[in-house]
Amino acid sequence: MKRFWLLFSQTVTVLLAAYFVIAVLKPDWLGRPSFRGGVVSLLEAPATPPAPPEPGSLAAAAKKAAPAVVSISTSTAPRNPRSNDPWFQFFFGDQINRPQTGLGSGVIVSPDGYILTNNHVVEGADEIEVMLNDGRNASAKVIGTDPDTDLAVLRIALDRLPVIVLGNSDQLQVGDKVLAIGNPFGVGQTVTSGIVSALGRNQLGINTFENFIQTDAAINPGNSGGALTDVHGNLLGINTAIYSRSGGSMGIGFAIPVSTARQVLEGIVTEGQVRRGWIGVEPNELSPELAETFGVKAAQGVIITGVLQAGPAAHAGIRPGDVIVQVGDKAVGSVAEMMTAVAALKPGTSTPFTLLRGDGRLTLEVTPGTRPRRVTPRN
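Residues numbered from 1 in each chain as written. Predicted model: local features only at pLDDT ≥ 70, side-chain atom pairs only at ≥ 80, totals over all residues. Heavy atoms only, no water.

Brief notes about the sheet that holds strand β15 (residues 253-257)
Next up, step 1: Strand order in the closed barrel formed by 6 strands is β10-β11-β12-β15-β14-β13, with antiparallel pairing between adjacent strands. Averaged over all pairs of adjacent strands, the angle between their axes in this sheet comes to 45°, without regard to strand direction.
Next up, step 2: With 5 bridges connecting them, strand β14 (residues 235-242) and β15 associate as antiparallel partners. Within β15, the residue paired with Ile238 across the bridge is Ile256. (Pairing = 2+ DSSP bridges. Helix = DSSP H or I, 4+ residues; strand = E, 2+ residues; numbered from the N terminus. Axes fitted to C-alpha atoms, helices over the stretch in contact; angles between N-to-C directions.)

A look at the pattern of salt bridges
Next up, step 1: For the coordinates displayed, the defined rule picks out 9 salt bridges.
Next up, step 2: A salt bridge links Arg357 to Asp322, with the nearest nitrogen and oxygen atoms 2.8 Å apart. Of this pair, Arg357 sits in strand β21 (residues 351-357) while Asp322 sits in the loop between α7 (312-316) and β19 (323-327), and the two are 35 residues apart along the sequence.
Next up, step 3: For Arg357, a relative accessible area of 23% puts it in the partly exposed group.
Next up, step 4: Shared partners join several salt bridges into a network, and the residues in it are Asp134, Arg136, Asp159 and Arg160. (Salt bridge = Lys/Arg side-chain N within 4 Å of Asp/Glu carboxyl O. Buried < 20%, exposed > 50% of the residue type's maximum accessible area, 1.4 Å probe, protein only.)

Concerning helix α5 (residues 258-271)
Next up, step 1: The terminal C-alpha atoms of α5 lie 19 Å apart, and with 14 residues this matches the ideal 20 Å at 1.5 Å per residue to within 8%.
Next up, step 2: Among all positions in α5, only Val258, Thr260, Ala261, Val264, Leu265, Gly267 and Ile268 are buried.
Next up, step 3: Where the residues of α5 are buried, they touch β5 (114-118), β8 (141-146), β9 (151-155), β14 and β15. (Expected span 1.5 Å × (residues − 1). Contact = heavy atoms within 4.5 Å.)

Describing the packing of aromatic side chains
Next up, step 1: Per the counting criterion, the structure on display carries 1 aromatic pair.
Next up, step 2: Ring centres 5.8 Å apart and planes at 50° place the aromatic pair Phe212 and Phe254 in the tilted group. Placement of Phe212 in strand β12 (residues 212-215) and of Phe254 in strand β15 is noted, with a sequence separation of 42 residues between them. Here the two residues Phe212 and Phe254 agree in accessibility, since each one is buried. (Phe/Tyr/Trp six-rings, centres within 6.5 Å; stacked < 30°, edge-to-face > 60°.)

Some details on the environment of Gly311
Next up, step 1: Looking at the secondary structure, you find Gly311 in the loop between β18 (302-307) and α7.
Next up, step 2: Taking the C-alpha atoms as reference points, Gly311 and Pro368, separated by 57 residues in sequence, lie 8.8 Å from one another.

What to know about unusual backbone geometry
Working note: non-glycine residues mostly have negative phi, and peptide bonds are mostly trans.
Next up, step 1: Of note, the phi angle at Arg160 is positive, near 50°, even though the residue is not glycine.
Next up, step 2: With respect to the helices and strands, the residue Arg160 is situated in the loop between β9 and β10 (177-182).
Next up, step 3: We note that Phe185 has phi near 60°; this positive angle belongs to a residue other than glycine.
Next up, step 4: Summarising the element assignment, Phe185 is placed in the loop between β10 and β11 (190-201).

Section: the side chain of Arg276
Next up, step 1: Counting through the fold element by element, Arg276 comes out in the loop between α5 and β16 (277-278).
Next up, step 2: Exposure remark for Arg276: the relative accessible area of 5% places this residue in the buried category.
Next up, step 3: Within the structure, the side chain of Arg276 is placed 2.5 Å from the side chain of Asp146, a separation counted as a polar contact.
Next up, step 4: Here Arg276 is in contact with Asp146, Asp148, Thr149, Phe209, Val264, Ala343, Leu345, Pro347, Gly369, Thr370 and Arg371, once residues within four sequence places are set aside. (Polar contact = N/O pair within 3.5 Å; in protein donor to acceptor, adjacent residues only side chain to side chain.)

Next comes the structure, spelled out in structure tokens:
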């Protein structure tokens, strides 16, 4: 009996020794990570597969778009004409000579360093500093501005720039999910989400040409010029304004569609300015009072109450009292719609205008001129 017990003990001892040797020298034979100097070798450890994204997560869209969204800080030297007056300095001190600073956001849209932002973010600035999400900084140069849409194009001289993908804002629908990316209140890059609340918002008194995307994604001061993207991280608009009684987000934000931003970008980069169509008329919303005044029998359209002498509309035969119902192939039912349609026309290219005059309907060929550029005074 003792012999069998001794044989069993020796066998177990040999097996345990063999297991220990294999576990140290060849752990992969046992399906275990190896230990070297008491530390697990990560190179030989079995890889843990990445966890699938949570249902409804927008992390991929944020990861794709966020690197191309930048923070913009501006500095403006004081321009008070009395800043050098000793008496003025005595009462107000050095604060009158302190530069004014501002914060905003922007979107890199080209590997050549072109950045889209709002005109009001950089208007009147003497110095513009752009901060990338990867920690790099660069001074920016204003390539051009378009006050009529509140857009501006900047440029920085850096390489290996992340570039956002331009989406299609014309396919947007109310209820689509969107992300707003920017630098609110200077706290750092922030991503918020929401839906498209409305499309084609105008008559807000913000810009000359208004065709805003309305969203409930949180947009706050400092977000101006930032990106509104779809769930794939593609740019749909440039965040511009909010409706607020407190200065913070109340769930009503507005963005300029990327279709408008693309037109402004191409015009500024290729021609140095945005060339828009202009016909020289004074349009008004059609009302029963104006219809009666001009003897017009029309239920919809834009009534012309004034025509500039020797302007494109006058040359084409448009008269006060005419009601324009279509510009090219676009029906117009409001002044904003007509101005947008005319502005989209190529100057010098004849376009048919459909209008109502008295009891009749006629089509006139109008050759638009170039809309005079609005000059914004430098404060």
